[in-house]
Amino acid sequence: MADSLPPLSFPADGEQAFHRELKRRAHAYLNGRNDHRFADVARWVKAIVLLLLCVGFYLLSLMQQQGLAFMLCYFAFVMMGMLLNVNVNHDASHNAFARTPWVNRLAGRLVTIPLGVDPDYWRTRHVSYHHVYANVEHYDLDTEENGFFRQTPFQQWRAHMRYQHLYWPLIAALSLPYIALVFDWSDRLGKTPLATEGVLAGRKGWAVFIASKLCHIVVVLVVPLVVCQQHGIGWQTVLIAYLLSQMLASLLVVFLLLGTHWAQAEFYAVPEGGQMPQGWYRHNFATACDWETSPKWLHHLTGGLNYHLTHHLFPGWNHRHYPALAAILAELAPRYAMDYRCIGYRELLQQQQRFLRTMGQQPR
């Protein structure tokens, strides 16, 4: 069993005035609209439409008589599943989709079936570690050392990493499958810091975990194999469609996220004494940024992931509020000497490449 990580603390660092003004402005925005922080009718309609499209493309793929038509419908099914995770499960993991926690848990359990990721373990990693300790070595489990990709200046350098700015799309395409096959099982078997979190405890937890994994395999692989064989479509076609669609879904998700914690971001070693060198707000401004979609309407599909710094400061708010909250941040941050950054996607990719090249160089 892995050792638990002792909690780190953030000093006040003179951030109280910024905190009070930010919360006041955010709640004034809500009150002025007579609104709430959860999903509204439009977000529920979008979720239902994506769900219907996901199920519809799945059923349509099973009706196909030709391999190419099957693959195209199958790809669309997995892509709708990916959009459901981005637009629903991410908010649900923060209890920011529905008002009722069990509805969020159920939504997360259902929409992760196409991708095979366990929502409870992913939520714990995301909420309890990444959000609390972004870019802190060993504490941010999203940047764990893996031997293939050097993401922080504190990780071991290997010769092949000088090319990581070239092969990063392959790593990105394997990220979600790696979470489903490696992270989930490592967490389940108590090999990670999540062992002390009590996630899916006991026999009931094992039953839910195994049932979800089997449901993914049966729905996404076994049923298509059986049905396609009856339609004269070979198992190789189904297997290729499964592997490529999972990799493409992973690649698209990572494209939304990858540079947000790399673009001119700071990284931190575990501090002696357990106290971070700056306050929680300054830490988040130093480790994340927002980026703008082009055209603007694309932010309706990103689930707010482009407003990533805003999300870190308002994780309990549905992503529909992020444009307004980002505008408040852009106004208040300079007054309190906070470095708010909102860049274009092209610049995000350029800074991401610069970061990967830097991390791929042999340390002196």
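All values reported here derive from a predicted model rather than from experimental measurement. Numbering of residues starts from 1 in every chain and runs along the sequence as written. With the structure being a predicted model, the display of local features is reserved for residues of pLDDT at least 70 and the display and counting of side-chain atom pairs for 80 or more, all residues being used for whole-chain, interface and lining totals. Processing note: side-chain calculations cover all non-hydrogen atoms of the structure and skip hydrogens and water entirely.

**Quick word on empty space enclosed by the protein**
Next up, step 1: Residues are called lining when one of their atoms sits within 4 Å of a cavity or pocket point, these points coming from a 1 Å grid over the protein atoms alone, where a cavity is a set in which a 1.4 Å probe fits but cannot get out and a pocket is an open set with protein on both sides within 12 Å along at least five of seven lines. Grid points are joined across faces, edges and corners, and a volume is the space filled by probe spheres set on the points. With the rule as written, the count across this model stands at two cavities of 30 Å³ or more.
Next up, step 2: Looking at the largest cavity, its volume works out to about 70 Å³.
Next up, step 3: Lining the largest cavity are Arg109, Thr112, Ile113, Gly116, Val117, Asp118, Pro119, Ser212, Lys213 and His216.
Next up, step 4: Element by element, the count of residues in the lining of the largest cavity is highest for helix α8 (residues 202-230), at three residues. Strands are runs of DSSP state E lasting at least 2 residues, helices are runs of H or I lasting at least 4, and numbering of each runs from the N terminus.

**A closer look at helix α13 (residues 345-360)**
Next up, step 1: Between its first and last C-alpha, α13 extends 22 Å over 16 residues, near the 22 Å set by a 1.5 Å rise per residue.
Next up, step 2: Exposure is judged per residue with a 1.4 Å probe applied to protein chains only, and the accessible area is read against the type maximum: over 50% gives exposed, under 20% gives buried, and values in between give partly exposed. For α13, the complete set of buried residues consists of Leu348, Gln351, Gln352, Phe355, Leu356, Met359 and Gly360.
Next up, step 3: Considering only its buried residues, α13 is in contact with α6 (164-173), β1 (290-292) and β2 (342-344). Take the residue count of a helix, subtract one, and multiply by 1.5 Å to get its expected span. Contact criterion: two residues are considered in contact whenever any of their non-hydrogen atoms come within 4.5 Å of each other.

**Quick word on the pattern of salt bridges**
Next up, step 1: We define a salt bridge as a side-chain nitrogen of Lys or Arg found within 4 Å of a carboxyl oxygen belonging to Asp or Glu. As enumerated under the stated definition, the model contains 16 salt bridges in all.
Next up, step 2: The residue Asp40 makes a salt bridge to Arg43 at a minimum N-O spacing of 3.0 Å.
Next up, step 3: Residues Arg125 and Asp187 are paired through a salt bridge, measuring 2.8 Å at the closest nitrogen-oxygen approach. Of this pair, Arg125 sits in helix α5 (residues 119-130) while Asp187 sits in helix α7 (residues 175-188), placing them 62 residues apart in sequence.

**Focus: helix α10 (residues 280-287)**
Next up, step 1: Across the eight residues of α10, six count as buried, placing the element largely inside the fold.
Next up, step 2: Within α10, burial applies to Tyr281, His283, Asn284, Phe285, Ala286 and Thr287.

**With respect to the environment of Asn87**
Next up, step 1: You can see Asn87 is positioned in helix α3 (residues 67-93).
Next up, step 2: For the pair Asn87 and Val208, spaced 121 residues apart in the sequence, the C-alpha separation amounts to 23 Å.
Next up, step 3: For Asn87, the contacting residues outside a window of four places in its chain are Lys46, Leu50, Phe97, His300, Leu301, Gly303 and His319.
Next up, step 4: Engagement of the side chain of Asn87 in a polar contact is seen with the side chain of Lys46, the distance being 2.9 Å. Residues adjacent in sequence count toward polar contacts only when both atoms are side-chain atoms; beyond that, a polar contact is any pair of N or O atoms within 3.5 Å, and within protein one must be able to donate a hydrogen and the other to accept it.

**Quick notes on unusual backbone geometry**
Next up, step 1: Here the bond from Ser294 into Pro295 is cis, since omega is 0°, no more than 30 degrees from zero.
Next up, step 2: With respect to the element layout, Pro295 can be found in the loop between β1 and α11 (308-313).
Next up, step 3: Notably, Asn34 is not glycine yet its phi reads approximately 55°, a positive angle.
Next up, step 4: Residue placement: Asn34 occurs in the loop between α1 (16-33) and α2 (41-62).
Next up, step 5: Asn34 gets classed as exposed once you look at its relative accessible area, which sits at 74%.
Next up, step 6: One non-glycine residue, Gln264, adopts positive backbone phi at about 50°.
Next up, step 7: Within the element layout of this structure, Gln264 appears in the loop between α9 (235-257) and α10.
Next up, step 8: Residue Gln264 is classed as exposed on the basis of its relative accessible area, which comes to 57%.

**Some details on the side chain of Arg320**
Next up, step 1: Its place among the elements puts Arg320 in the loop between α11 and α12 (322-332).
Next up, step 2: Of the residues examined, Arg320 reaches a relative accessible area of 14% and is grouped as buried.
Next up, step 3: Here the side chain of Arg320 touches His36 through a polar contact of 2.9 Å, landing on its backbone oxygen.
Next up, step 4: The residues contacting Arg320, other than those within four sequence positions of it, are Arg33, Asp35, His36, Phe38, Ala39, Asp40 and Arg43.

**Quick word on the UniProt feature "transmembrane region" (unreviewed entry) in the protein chain**
Next up, step 1: UniProt positions are given in the numbering used here, feature names are shortened, and annotations may be inferred rather than shown by experiment. As recorded in UniProt, the sites labelled "transmembrane region" (unreviewed entry) are residues 41-60, 67-86, 166-185, 206-227 and 233-258.
Next up, step 2: Between the end C-alpha atoms of residues 67-86 there is a gap of 29 Å, over a span that is 100% helix and 0% strand.

**Considerations on the UniProt feature "domain: Fatty acid desaturase" (unreviewed entry) in the protein chain**
Next up, step 1: Per the UniProt record, "domain: Fatty acid desaturase" (unreviewed entry) is annotated on residues 72-342.
Next up, step 2: As a span, residues 72-342 carries 54% helix and 1% strand, and end to end its C-alpha atoms are 36 Å apart.

**Considerations on the layout of surface pockets**
Next up, step 1: Within this model, the largest pocket holds a volume of roughly 1,200 Å³.
Next up, step 2: If you trace the largest pocket, you find 45 residues lining it, with Asp142, Ser175, Leu176, Ile179 and Val254 closest to the centre.
Next up, step 3: The set of elements that each furnish at least two residues to the lining of the largest pocket consists of α3, α5, α6, α7 and α9.
Next up, step 4: With seven residues, the top contributor of residues to the lining of the largest pocket is α7.
Next up, step 5: Approximately 410 Å³ is the volume found for the second largest pocket.
Next up, step 6: Around the second largest pocket, the lining comprises 20 residues; the ones closest to its centre are Leu51, Leu84, Ala107, Leu110 and Val111.
Next up, step 7: Elements represented by at least two residues in the lining of the second largest pocket include exactly α2, α3, α4 (101-111) and α8.
Next up, step 8: Looking at the lining of the second largest pocket, the element that brings in the most residues is α2, giving seven residues.

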